[in-house]
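So the chains spell out like this:
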Amino acid sequence: MTDRNAIRPGRLFPLVFLPLAFVLLLIYSSSTSPLYISEGFDSLTFKTIGLGIVQGKLPYADLFDHKGPLIFYIDALGISLGGTAGIFMLQVLSMWASLFLIWKTVSLFTDSKTSFWLTVLTLIPLADFIVEGNQCEEWMLPLISLSLYLAFSWFTGGDRQSVHPAWRSLVYGISFSFLFFLRPNDAVASIGAIMTGVFLALIVRKLYRNAFLNVLAFLAGCILVAAPVMAFFEARGILGDMLEGTIFYNIRYSSAVTFGNFGWGMVIIPLIIAGSLIWFCFRDVRLSPLNFILVPYLLFTLLLIGKRDYYHYLIPIVPYVAVFFAMCLNGNMKKTLVAVSVLFALGSFQQQKTLVGNIVSRDLIKETYAQAGRLFSMVPEEDRNSVWNFNLWKTGQLDEISLAAIYYHLGMTPGNRIFVPFHVGNFPDVERIENNSPEWVLMSPDSFHVDGADFIENNYDLVASTGDSLPFEIRLYRIAGDGTAEIACD
């Protein structure tokens, strides 16, 4: 890349990544893409809380989920810009930055044209891991890619005894805090490994003063993000709620993983990719310094990635996959590159199946939203954001849609704090419907979470239910004694 003419195409590459990001998300981000009307599951939770923020509700205190707060405020920003379309627009910009930075990283190991095509090739694992889109890990990808580029470019520089610029560690610190307030595990596994590698390399090279300076810069970057976030929640009196949702609940959530629901892909894929990179770098003395990062990354990832079979957890590994492709190509291992790409493509079968299911079920999903709209029309407008979601989530008849999506799709949010039904059992009884007696309740006898339904039957009047056009039933109840009559939607 010393020839001036060879550099010019690189200046145009960022523009090329924009349509690539758009097409990838248009097809595979099923919860936000304008091609689909399903609202997703994890994404639905984030969008619901984001909508609640726009409506004046508070995350954790009014609407709970166990992710860091930034995902809710990112969605709230997107919703304020244009609803789900606004979220999609932000996704495209985020993915555009990610692809460009991945290309920059791969360009450290090969020429710009080859690195471009290798970056395009990473769309295959991205399509595999993106699941329904709008996942926490997707929003992390630009900062992970930026930090990896900054670190790798220093490690592959010509002067192996050069100091590490402190401003880069400041970026690592900012990235670490940003990731921490999305999903703490990924902050340690992705950015923590980078900072650990830089620090160890400086210590080994006896650059102690520079190592100390970089630690201070990293901590300063962490504080730049963490201090205003903590102050924001403290000012609203919900700092404890935020820490419970972000940290302590997740400790209990992770400990609930049993051998039966252990996701082996969560271990095998990082082992293959990061393990192979360590081997490549061990064999090449010019690349061996990269193992200061790669070894901690593999160890931290195996320890913290999460053992449930949720493949969006693997989105942060995509920049490493791109470097793996480059090293395969440089090592005359084209067959390995092709084989791994094919395996990633085959692994996306469930993703393709879900997308097809969304298309096939489109009319049924539309009818569900229409029937739900009729139910909500029977609730006074001032009460619609306080309707309790007792158990609406998933039914055996329609796996592609969460029934709770009717709230967000119709521009409303549930009245109960723990609105995701399978979380209720992890909280004290004070969160249960029996101890709250809300005026309005939505429930489905066909959903999977029916514990406590007898309380509704004994203390509430059935106001309305969905009609026979749906293969499942959604019921609207009002607390007994208000003179409501049983009605059925046509």
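Here's what I pulled together on the structure shown here.

Parameters at a glance
- Residues numbered from 1 in each chain as written.
- Predicted model: local features only at pLDDT ≥ 70, side-chain atom pairs only at ≥ 80, totals over all residues.
- Heavy atoms only, no water.
- 1 Å grid on protein atoms, 1.4 Å probe; cavity = no way out; pocket = protein on both sides within 12 Å on 5 of 7 lines; lining within 4 Å.
- Points joined across faces, edges and corners; volume = space filled by probe spheres on them.
- Helix = DSSP H or I, 4+ residues; strand = E, 2+ residues; numbered from the N terminus.
- Nonpolar A, V, L, I, M, F, W, Y, C, P; charged D, E, K, R; others polar.
- Buried < 20%, exposed > 50% of the residue type's maximum accessible area, 1.4 Å probe, protein only.
- Pairing = 2+ DSSP bridges.
- Axes fitted to C-alpha atoms, helices over the stretch in contact; angles between N-to-C directions.
- Parallel < 35°, antiparallel > 145°, perpendicular 65-115°, else oblique.
- Left-handed = near helix turned anticlockwise from the far one by under 90°.
- Contact = heavy atoms within 4.5 Å.
- Expected span 1.5 Å × (residues − 1).

1. Concerning empty space enclosed by the protein
Counted by the stated rule, this structure contains one cavity of 30 Å³ or more. Taken as a whole, the largest cavity spans an internal volume of roughly 70 Å³. In terms of lining, the largest cavity is formed by Asp186, Ala189, Ser190, Pro270, Tyr297, Thr301, Ile305, Tyr313, Leu314, Pro316 and Ile317. Of all the secondary-structure elements, those providing two or more residues to the lining of the largest cavity are helix H9 (184-204) and helix H13 (291-304). Here the element with the most residues in the lining of the largest cavity is H9; it accounts for three residues. Partitioned by chemical class, the residues of the lining of the largest cavity number eight nonpolar, two polar and one charged.

2. Structural notes on the pairing of strand S2 (residues 440-443)
Residues Trp440 and Leu442 point to one face of S2 and Val441 and Met443 to the other, with burial holding for every one of them. By the bridge criterion, two bridges tie strand S1 (residues 388-389) to S2 in an arrangement that is parallel. Paired with Trp388 across the bridge in S2 is Val441. Across four bridges, S2 lies against strand S4 (residues 475-479) in antiparallel orientation.

3. Section: the packing of helix H4 (residues 84-106) against helix H7 (residues 136-155)
Two elements in contact, H4 and H7, have axes separated by 8 Å at closest approach and are oriented at 20°. The angle between the axes of H4 and H7 places the two elements in the roughly parallel class. As for how H4 packs across H7, the hand of that crossing is left-handed. On H7, the residues touching Ile87, Leu90, Gln91, Ser94, Met95, Ala97, Ser98, Leu101, Ile102, Lys104 and Thr105 of H4 are Glu138, Trp139, Leu141, Pro142, Ser145, Leu146, Tyr149 and Phe152.

4. Quick word on helix H3 (residues 70-82)
Compared with the 18 Å implied by 1.5 Å per residue over 13 residues, the 18 Å span of H3 between its first and last C-alpha is a close match. Looking only at H3, the buried set comprises Leu70, Ile71, Phe72, Ile74, Asp75, Ala76, Gly78 and Ile79. In the core, the buried residues of H3 are packed alongside helix H2 (42-54), H4, H7, helix H8 (166-180) and helix H18 (405-409). Phi turns positive one or two residues past the end of H3, at Gly83, with a value near 65°.

5. Quick word on the layout of surface pockets
Roughly 1200 Å³ of volume is contained in the largest pocket. For the lining of the largest pocket, the element with the most residues is helix H16 (residues 349-360), which contributes six residues. Taken together, the residues of the lining of the largest pocket sort by class into 18 nonpolar, 14 polar and 10 charged.

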